[in-house]
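Close look at the chain arrangement
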Amino acid sequence: MNATEEIARRRTFAIISHPDAGKTTLTEKFLLYGGAVQLAGSVTSRKNQRAATSDWMELERKRGISISSTVLQFDYRGYRINLLDTPGHKDFSEDTYRVLTAVDAVVMVIDSAKGIESQTRKLFEICRRRGVPIFTFMNKLDRAGLEPLALMDQLEEVLGIKAYAMNWPLGSGSDFKGVYDRLGKSVHFFERTVGGAYRAPVTIHTLSDPEVREKLSDDTYTRVVDELDMLEGAGAHFNAQEVLDGHLTPVFFGSAVNNFGVQLLLDAFLTYSTAPRPRHAGQELVLPERPAFSGFVFKIQANMDPRHRDRIAFVRVCSGKFDRDMAVIHARTGKKVRLSSSHKLFGQERETVDEAYPGDVIGLVGHSDFGIGDTLTEDPKLVYDEIPRFAPECFAYLHATTTSQFKRFREGLDQLLQEGVVQVLTLRNSAQRAPLLAAVGPLQFEVVQYRLQSEYGAESRLENASWDLLRWVDPKQDLDALEPLLPSGGRLAYDAKEQPVILFPTEWALNYFARQNKTIAISDVPFKT
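Let me begin by describing the structure that accompanies this report. Small disclaimer: the values here were computed from a predicted structure and weren't measured.

Reading the values: rules and limits
- Residues numbered from 1 in each chain as written.
- Predicted model: local features only at pLDDT ≥ 70, side-chain atom pairs only at ≥ 80, totals over all residues.
- Heavy atoms only, no water.
- Helix = DSSP H or I, 4+ residues; strand = E, 2+ residues; numbered from the N terminus.
- Buried < 20%, exposed > 50% of the residue type's maximum accessible area, 1.4 Å probe, protein only.
- Contact = heavy atoms within 4.5 Å.
- Areas by Shrake-Rupley, 256 points an atom, 1.4 Å probe, with all protein chains shown as cover.
- Pairing = 2+ DSSP bridges.
- Axes fitted to C-alpha atoms, helices over the stretch in contact; angles between N-to-C directions.
- 1 Å grid on protein atoms, 1.4 Å probe; cavity = no way out; pocket = protein on both sides within 12 Å on 5 of 7 lines; lining within 4 Å.
- Points joined across faces, edges and corners; volume = space filled by probe spheres on them.
- Nonpolar A, V, L, I, M, F, W, Y, C, P; charged D, E, K, R; others polar.
- Parallel < 35°, antiparallel > 145°, perpendicular 65-115°, else oblique.
- Phe/Tyr/Trp six-rings, centres within 6.5 Å; stacked < 30°, edge-to-face > 60°.
- Lys NZ or Arg CZ within 6 Å of the ring centre and 35° of its normal.
- Salt bridge = Lys/Arg side-chain N within 4 Å of Asp/Glu carboxyl O.

Moving on, we come to the overall build of the protein chain. From N to C terminus, the protein chain includes 14 helices and 31 strands. Residues classed as buried in the protein chain amount to 58% of the 529 residues present. Counting only contacts in the protein chain whose residues sit at least 6 apart along the sequence, the fraction spanning at least 24 positions is 71%. Put simply, the protein chain shows about 22,700 Å² of open surface, and 48% of that area lies on carbon and sulfur atoms.

Below you can see the structure in the form of structure tokens.
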């Protein structure tokens, strides 16, 4: 294939959801239907529990949640799929936001019993601001839940996006038998497999087929026909371009744990989602077909292989072709670096990759200078500004418990700070030596302590700090003049890039300060410098 054909067959996407909506389960089932695994990893055998392929950290297995974002690449139906599995806990929204900068589309999973939840709404807003196409999977139809029409209404009212039902459920709860494919005008009946370990056997019929009437109760059949008529008459019309523009979400119904509707979702997603899109580098729009290689680091992960104390920078390729051993410019430092240790990832497994094209995600091992948001390019004029930063809401001091472990403590903490697991702040005019950590949620502190102990052999003690909010200050502000104006309990500090911030003890203190000092510019995102 030539470069244009290689780019056209790439699909790079993430799955987003509220915790417990079934995101990791759906990830597993995409791998199952894509031929990347032979047995769904979430299947439990009493003697031999298999951990989810995409959840590799021991803490994830203990808690049953996704904490780190992993990259899973596989081929299916001629497409090269890069699936980015995002953290599944609300505390890890910042890591999820960074992952969303590296994808071209998302699949949004909604628990049909609970409808749209808070985290779903937040992640949806991030996608909408970026103009990312969104495909919706209404999950857990095998349980009692909200009516399908009510779920469709929620999408349009709560999220403010037009919704088109690509298929429609046949029954619900224990009577959920399959779906009606509206574009293909066909009924898909599924059979359960033990634990959902294998692909669900499927039979396909027309809606008028006598076998369909036999399998569905009279009430279910009548309701399905009436609802389909209503959708045809009053619902949104399918428009592939509106999907790509982010104005219309195709909606699929199913049950990931039972594999009902998974293949219909995967096949339609590949058909209607987009190949790699152009990216902005400053004022310039960089096309994927541009000959010069360029990409940006959106994630750093240390110790994915505990035997090797290594560090992987995940790079989204944006233009040109990547070749192993190529020399590129590290835009932030201006240095030339050789990219020799390059891998493609499958959960914790990796294999050497010799070439990659726009849309691909590659892991680069061993470059300690690389940081989140850095641009790697053959064209020194290109600098991507893709990675957002968000104001943390939890603060704590981290102490090394013994002096004998202090070197390991510092080494481990420096690695984790480079990964962006937490932020570190420096209080202005303070003699406090323990690092002040800041995070979106408190579980991130638990991860830092767990990984310091398990990966570096360093025990630590956490001391909660008395602040609840952070706001960045205009770097041109006179800090000596600002300090006397702070509310009781407020403090000035610097972030890792030495931008000034104010720490507030309460939301009331923040609002009071803002009312009293309207000429002082503060922001919940860093100021452009």
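Another aspect to go through is the sheet that holds strand β24 (residues 394-400). In space, the eight strands of this open sheet follow the order β27-β24-β26-β25-β29-β30-β28-β31, with antiparallel pairing throughout. Each edge of the open sheet carries a strand with a single partner, namely β27 (460-464) and β31 (522-523). For strand β29 (residues 491-494) and strand β30 (residues 500-504), the ladder comprises four bridges, and the chain directions are antiparallel. Across the sheet, residue tyrosine 494 finds its bridge partner in β30, namely proline 500. Packed on one face of the sheet, helix α11 (residues 406-419) meets β24, β25 (423-427), β26 (436-439) and β27 and runs near 150 degrees to β24. Against the sheet, helix α14 (residues 507-516) contacts β28 (469-473), β30 and β31, and its axis sits at roughly 125 degrees relative to β30.

Counting buried positions along strand β3 (residues 79-85) yields seven of seven residues, so the element is predominantly enclosed. Here β3 shows two buried faces, one formed by Tyr79, Ile81, Leu83 and Asp85 and the other by Arg80, Asn82 and Leu84.

We now examine the sheet that holds strand β10 (residues 202-205). Here we have four strands laid out as an open sheet, ordered β7-β8-β9-β10, and antiparallel in their pairing. Looking at which strands have only one partner, the edges of the open sheet turn out to be β7 (167-170) and β10. With direction set aside, neighbouring strand axes in the sheet form an average angle of 25 degrees. Across four bridges, the pairing between strand β8 (residues 178-181) and strand β9 (residues 186-190) is antiparallel. Paired with aspartate 181 across the two strands is serine 186, which belongs to β9. Most of the contacts of helix α8 (residues 218-234) go to β7, to which it runs at about 165 degrees, and overall it touches β7 and β8.

For the largest pocket, the calculated volume is near 1,400 Å³. Forming the boundary of the largest pocket are 39 residues, of which Ile372, Gly373, Ile387, Arg389 and Lys497 lie nearest the centre. Broken down by secondary-structure element, the contributors of at least two residues to the lining of the largest pocket are α4 (93-100), α5 (118-130), α11 and β25. For the lining of the largest pocket, a count of residues per class yields 15 nonpolar, 10 polar and 14 charged.

Moving on to the packing of helix α2 (residues 23-33) against helix α10 (residues 262-272). For the pair α2 and α10, the least separation of the axes is 10 Å and the interaxial angle reads 80 degrees. By the angle class used here, α2 and α10 are roughly perpendicular. Contact with α2, carried on its side by Leu26, Lys29, Phe30 and Tyr33, involves Val262, Gln263, Leu265 and Leu266 of α10 and no other residues of that element.

All right, on to the environment of histidine 247 then. By the element assignment, histidine 247 lies in the loop between α9 (240-244) and β11 (248-253). What makes histidine 247 partly exposed here is its relative accessible area of 47%. Considered as a pair, histidine 247 and isoleucine 134 are 113 residues apart in the sequence and their alpha carbons are 8.8 Å apart.

As a further point, take the packing of aromatic side chains. Using the criterion set out here, one finds 14 aromatic pairs in the structure. Taking 6.0 Å as the distance between ring centres and 70 degrees as the angle between the ring planes, the aromatic pair formed by phenylalanine 13 and phenylalanine 30 counts as edge-to-face. In this pair, phenylalanine 13 sits in strand β1 (residues 10-17) while phenylalanine 30 sits in helix α2, placing the two residues 17 residues apart along the sequence. Each member of the pair, phenylalanine 13 as well as phenylalanine 30, is classed as buried. Of the aromatic side chains, those joined through ring pairs into one cluster are Phe13, Phe30, Phe135 and Phe269. Note that arginine 213 overlies the ring of tyrosine 221, its terminal NZ or CZ placed 4.1 Å from the centroid.

A word on the pattern of salt bridges. Here the structure, examined in full by the defined rule, presents 24 salt bridges. One salt bridge connects lysine 321 with glutamate 355, and the closest N-O pair in it is separated by 3.2 Å. Note that lysine 321 is positioned in the loop between β15 (311-319) and β16 (322-323) and glutamate 355 in strand β21 (residues 355-356), a separation of 34 residues in sequence. Among the salt bridges present, the one from aspartate 374 reaches arginine 332, with a minimum N-O distance of 2.8 Å. Residue aspartate 374 is located in the loop between β22 (361-365) and β23 (375-377), and its partner arginine 332 is located in the loop between β17 (326-330) and β18 (335-339); the two are separated by 42 residues in the primary sequence.

Coordinates in, geometry out; function isn't part of it.
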